[in-house]
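Observations on chain architecture
Take a look at the letters that make up each chain.
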Amino acid sequence: MKKLFLLDAYALIFRAYFAFARNPRVTSKGLDTSAIYGFLLALVDVIEKEKPSHLAVVFDIGGSQVREQLFPDYKANRDETPEGIKVAVPYIQKLLGALRIPALGVPGYEADDVIGTLAHKAESAGFEVFMMTPDKDFGQLVTDRVKMYKPSRGGEPAEVWGPAEVCEKWGIERVEQVIDILGLMGDAVDNIPGIAGVGEKTAAKLLAEYGTLENVLAHGDQITGKLGERVREHAEVARLSRVLATILTDAPIELDEADLLREPADEEALRALLDELEIRSLARKLLPGTASAAPSAPSATESKPAEARSAAKATAGDAGQMDLFGGGGDLAEVADDAPRAAGSSAATQPHAYTLIDSFEAAKALARSLDGLSELAFDTETTGLDALEAEMVGFSLSWEAHTAYYVSLPADRAEAQVWLELFRARWEDPSLTWIGHNLKYDYQILANYGIRLAGTLRDTMLAHYLIEPDQRHGMDALAQNYLGYTPISIEALIGPKGKSQKSMRDVPAAEVAEYAAEDADVTWRLHETFKPKLTEAGLEGVLHDLEAPLVPVLADMERAGMAVDLEGLARYSVELGEDSARLEAEVRELAGMDFNLGSPKQLGEVLFDRLKLDPKAKKTKTGQYATGEEVLENFRSAHPIVDKLLEWRQVGKLKSTYVDALPGLVNPRTGRIHTTFNQAVAATGRLSSTNPNLQNIPVRTERGQRVRDLFVAGGADRVLLSADYSQIELRVIASMSGDKGMIDAFLSGEDIHAATASKVFGVPLGDVTREQRSQAKTVNFGIIYGVSAFGLSQQSSLSRTEAKEVIEQYFATYPGIKKYIDDQVAAARAKGYVETLLGRRRYLRDIDSRNQAVRGHSERNAINAPIQGTAADIVKLAMIRIHDRLPREGFASPMILQVHDELVFDAYASEVEALREVVKAEMEAAFALKVPLVAETGVGRTWLQAH
């Protein structure tokens, strides 16, 4: 079971420091170790009691740029960080390095946002996630598999908060209302204003009556007395406060499971640090075999702290944070690319933006485009749904600080007439079109029957290649690279919510200034990025790979994927029946009727009535912990546990997928249209959202049936699935040049069996299933820098056996070992690694003095070129197939990409010819030293085809 703990570093450090306020710990040399000792106590406690399989400690780095831009006074009332904490933080980071626990952080994002992002991604990856923090604002992130873990205090045990506990603590009905409460009441610690005079109880009361913050504000005239006056007067402040209080789940950080895996400590480094800090009781816990020793000074207390007062949150930008990665140097290098304060805006910078609001003027503008070879282009629309939005207007620029905005008539037919004036330009294959997130504009034009041709240059994708780990929004790029602050969209249409206007409701003259600026800024960013792409040797990746992929993904999104709505409805009923049956069986095993969804009642049944654990302790609220991680320990104790866990799994599958998917079907097309994200994963992989079709569960029989409900788009169609076979292993064989692995692939051997044969020294025909499985784990684990400890956790091998297997593996494939060493050395020398096609992954922490951070970068140095090359090859294949199919008259569209798999909604009459074309193009997409192999399948459903 994958169990991830994410520790909120500064919240725990402050809490630990103030716990010793009345009786500080001081070493014989006068060093205040209160915060260090208290933090270590909490860390050791959670490791011993909860036994996480994965663990990370998350720090703030430089505060929240987004929130500070929205509200300059955010966290403005923080007290100066105590000197004892400033001194403690570098030691804590050194201890984490010695314990081989990753210390994570993202410049410009708070720890809350990083934890929120990792928790969100880890939940999707099958983890049970615990956010360890005393800050109950984290309740907004809680789900059935993401919980808060409030550390013990004052002798009371730790508390685990799931959705039920969060709702009880806040006095609300739904977890989502936590943000609404914070919007109403504000947060004095973070200087979030809220509505004056509204506290937690009043906010909960308002939400109990009206449901949401927006609904409270909408009914402000019905709220009597002073409270009603304040609600009406401070409505916008409440909306702003809600935004400020919302924890982000899209910070630019990847979930690296291998990096978060618990590993044994560096005992020598840890012993030296604990000796220096005179922390001997914990030395005996952290270093088993360390002899007991008496304290060397009376001032070094070993008593467990009783908290004197609650800890404040960490102050952004304090001195301790500057040493997160082992000294100011590493952090300074990372933070150098964070968006800087802008020096100009439309209000201060001279510009010439022209509104075109007559047909004759539009005709004249169209004629003036003759002779131009490059144009920046942007659309303004009625909404964000690219399939349904209508165009309000569009802007053009081909010279810095100069742009034109064409305001289209509201009548669609009349707007079409205006657009026809420019059709020849948009469909001219000799032109270069520059945009920011061009896939959206491409889709909008397609809604009007216009296909954007020519060469596409996307500034979002350009920056994604230049700085893959940074943010790529146009506003942030304008500030960072141009020193310019663009006009805020909220300035035109208001903040998000029911009262937000459509762009069509804004006067054309106001839209013109905003829209023309977008085209102008895009043009200037394009000019700025061109030399940077050239300098980094990335023009080919942009021009030959990422830019040509834009129309491919746009067409896939437009095609969509059909689902069996009747089948989903039937399966929902079936799952409901399964849930009811399991619920009845649980109650029968319990010997009584009770609410399975109530942690309180469930705990009483399991531990008071059935006595599963006579030593089970209750939390402060009088409840037993009944989370999945707790119940897993009692599977063998009573059959009720298996039934209960199965009941929960059925409920999650039903609510998350089976009941949710019908609501995502477009009523006009009858299909689900996911959005493919091209500039998210730093490795170059694609992702998808709304819905995430790449994360449909397939590990269980019930989960596989969900994939079986994605179907061909008609009675005359089938789904064709084409999947690369072991592409990452073929890439590493080619990149490393290892003769043994290359020969195995060239001979067509089963690579895992061939590896097992060589590593375990048995004939190929005598390889057992277990040996092949272990070899497979090593083959793929090597790509992610697996350690002996990690391999032992993923297989039946002991740590000693795992170490021997890895050593034998490298002896068998010495080229792989050389590749690993060379990649790490290259990353140290250049600061980055590259795919075979030239995509870069910058590793600025490769020389960090923090061992955990350095190790993370070293693993990325090994993995990024492999995973990135595989992703590049898949993209090349998609482009080749997309270009070839219409040339040869195929009508069957490509509709889905999931890592190494492509799916087509194929006409039955074309499927065999299509299969040959797809297989040929995938296998010829790129020349490795070993052959690429694509395997295909056909079926009426996705499951049948895969």
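Criteria and thresholds
Residues numbered from 1 in each chain as written. Predicted model: local features only at pLDDT ≥ 70, side-chain atom pairs only at ≥ 80, totals over all residues. Heavy atoms only, no water. Helix = DSSP H or I, 4+ residues; strand = E, 2+ residues; numbered from the N terminus. Rg over C-alpha atoms; globule rule 2.2 N^0.38 Å. Contact = heavy atoms within 4.5 Å. Areas by Shrake-Rupley, 256 points an atom, 1.4 Å probe, with all protein chains shown as cover. Lys, Arg positive; Asp, Glu negative; His and termini not counted. Charge placed at Lys NZ, Arg CZ, Asp CG, Glu CD. Salt bridge = Lys/Arg side-chain N within 4 Å of Asp/Glu carboxyl O. Buried < 20%, exposed > 50% of the residue type's maximum accessible area, 1.4 Å probe, protein only. Pairing = 2+ DSSP bridges. Axes fitted to C-alpha atoms, helices over the stretch in contact; angles between N-to-C directions. Arc of directions from axis to C-beta. Parallel < 35°, antiparallel > 145°, perpendicular 65-115°, else oblique. Left-handed = near helix turned anticlockwise from the far one by under 90°. Core = buried A, V, L, I, M, F, W, Y, C linked by side-chain atoms within 4.5 Å. Phe/Tyr/Trp six-rings, centres within 6.5 Å; stacked < 30°, edge-to-face > 60°. Lys NZ or Arg CZ within 6 Å of the ring centre and 35° of its normal. Polar contact = N/O pair within 3.5 Å; in protein donor to acceptor, adjacent residues only side chain to side chain. pLDDT = per-residue confidence, 0-100. Nonpolar A, V, L, I, M, F, W, Y, C, P; charged D, E, K, R; others polar.

Another aspect to go through is the overall build of the protein. The number of helices and strands found in the protein is 39 helices and 25 strands. Relative to the 2.2 N^0.38 estimate, which gives 30 Å for 946 residues, the radius of gyration of the protein is 29 Å and therefore close to what a compact globule would have. Nonlocal contacts in the protein, meaning residues at least 24 apart in sequence, comprise 70% of its contacts between residues at least 6 apart. For the protein, the exposed area adds up to about 38200 Å²; of that, 50% sits on carbon and sulfur atoms. Each charge sign in the protein was given a centre, from 105 positive and 139 negative side chains, and these centres are 5 Å apart.

Next up on the list: the pattern of salt bridges. Going through the model one piece at a time under the given rule, you end up with 57 salt bridges. Note that E427 is salt-bridged to R423, the shortest N-O span being 3.0 Å. In this structure E427 comes out as partly exposed when scored by relative accessible area, which is 31%. With relative accessibility at 21%, the residue R423 sits in the partly exposed group. One salt bridge in this structure joins R828 and D847, with 2.9 Å as the shortest N-O distance. With R828 in helix α36 (residues 814–830) and D847 in the loop between β22 (840–842) and α37 (851–887), this residue pair connects regions lying 19 residues apart in the sequence. Assessed through its relative accessible area of 33%, R828 is described here as partly exposed. Linked through salt bridges whose partners overlap, the residues forming this network are D578, R581, E585, K643, E646 and R702.

Right, let's get into the sheet that holds strand β24 (residues 901–907). Taken in spatial order, the four strands of this open sheet run β23-β24-β20-β25, and their pairing is antiparallel. Both outer strands of the open sheet, β23 (894–898) and β25 (934–939), are each paired with one neighbouring strand and no more. Neighbour-to-neighbour, the strand axes of this sheet turn through a mean angle of 20°, independent of strand direction.

To continue, consider helix α8 (residues 200–210). Residues A203, A204, L206, L207 and Y210 constitute the buried set of α8. Burial along α8 is one-sided: seen end-on, the buried residues are contained in an arc of 160°. Opposite its buried face, α8 presents the exposed residues K201, K205, A208 and E209, each directed more than 90 degrees away. On its buried side, α8 packs onto α6 (163–170), α7 (177–185), α9 (213–218) and α10 (225–233). One or two residues past the end of α8 sits G211, with phi positive at roughly 90°.

The N-to-C vectors of helix α1 (residues 9–19) and helix α4 (residues 83–98) enclose an angle of 125°; their axes lie 11 Å apart at closest approach. Between α1 and α4, the angle is such that the two are oblique. Crossing angle aside, the handedness with which α1 passes α4 is right-handed. For the pair α1 and α4, the contacting residues are Y10, I13, F14 and Y17 in the first and G84, I85, V89 and I92 in the second.

Moving on, we come to the nonpolar core. F394, F422, W426, F710 and M878 are the most contacted members of the largest nonpolar core, which totals 174 residues. Discounting chain neighbours no more than four positions away, the residues touching M878 are L549, V552, L553, M556, L686, M894, Q897 and L902. If you look at the next biggest cluster of nonpolar residues, it comprises 55 residues, including L141, V198, A204 and V231.

Attention now moves to the pairing of strand β20 (residues 717–724). Taking burial as the measure, the eight residues of β20 include seven buried ones, the bulk of the element. The sheet contact formed by β20 and β24 spans seven bridges and is antiparallel. By the bridge assignment, S721 is partnered in β24 with V903. Of the strand pairs in this sheet, β20 and β25 are connected by six bridges, and their pairing is antiparallel. Residue pairing across strands places D723 opposite E935, the latter belonging to β25.

Quick look at the packing of aromatic side chains now. Summed over the entire model, instances satisfying the criterion amount to 19 aromatic pairs. A ring pair is formed by F14 and F18, whose centres lie 6.3 Å apart and whose planes are at 45°; its orientation type is tilted. You can see F14 and its partner F18 sitting in helix α1, four residues apart, about one turn around the helix. Under the relative-accessibility criterion, F18 is labelled buried at 9%. Centroid distance Y17 to F18: 5.3 Å. Interplanar angle 80°. Geometry classified as edge-to-face. Through a chain of ring-to-ring contacts, three or more aromatic side chains come together here, namely F377, F394, F422, W426 and W433. A cation over an aromatic ring shows up here: K136 above the ring of W170, its NZ or CZ 4.4 Å from the ring centre. The positively charged end of K817 is found above the aromatic ring belonging to F810, 5.8 Å away from the centroid.

A sheet is described by the order of its strands in space; here three strands give the open sequence β16-β15-β19, paired in antiparallel fashion. At either margin of the open sheet sits one strand with a lone partner, and together these are β16 (671–672) and β19 (710–711). In this sheet, β16 lies alongside strand β15 (residues 561–563) in antiparallel orientation, the contact comprising two bridges. Paired with A562 across the two strands is R671, which belongs to β16.

Time to look at the environment of M185. Examined against the element boundaries, M185 turns out to sit in helix α7. Among all residues touching M185, those that are not within four sequence positions of it are W170, P193, G194, V198, G199, E200 and A203.

On the secondary structure map, E901 appears in strand β24. A residue is classified by how much of its surface remains accessible, and E901, at 3% relative accessible area, is buried. Filtering out sequence-adjacent residues up to four positions away, E901 remains in contact with R707, S721, A722, D723, L896, W942 and H946. A distance of 3.2 Å separates polar atoms of two side chains, one belonging to E901 and the other to W942.

What follows is about the environment of R859. By the secondary structure assignment, R859 is in helix α37. Overall, the relative accessible area of 15% leaves R859 in the buried class. Distance from R859 to D750, taken between C-alpha atoms, is 26 Å for residues 109 residues apart in sequence. Those residues in contact with R859 that lie beyond four places of it in its chain are A258, D259, E263, Y784 and G785.

Once that is clear, we can look at the confidence of the model for the protein. Mean pLDDT over the protein: 86, with 92% of residues reaching 70 or higher. Counted against residues more than four places away or in other chains, residues 290–342, with its pLDDT under 50, gives 134 contacts.

This part covers the pairing of strand β13 (residues 455–458). Here strand β12 (residues 432–435) runs beside β13; their pairing, made up of four bridges, is parallel. Opposite G435, over in β13, you have D458 as the bridge partner.

It is at 9 Å that the axes of helix α2 (residues 34–50) and α4 come closest, and there the two elements cross at 35°. Handedness of the crossing formed by α2 with α4: right-handed. On the side of α2, the interface is formed by A35, I36, F39, L40 and L43, while α4 contributes A88, Y91, I92, L95 and L96. Considered class by class, the residues forming the contact of α2 with α4 number 10 nonpolar, no polar and no charged.

Next up on the list: unusual backbone geometry. The step from N690 to P691 runs through a cis peptide bond, and the omega angle for that step is 0°. Tracing the chain through its elements places P691 in the loop between β18 (687–689) and α29 (701–707). A positive phi angle, near 60°, is found at N437, a position not held by glycine. With respect to the helices, strands and loops of the structure, N437 is situated in the loop between β12 and α19 (438–446). The class of N437 is partly exposed, set by a relative accessible area of 31%.

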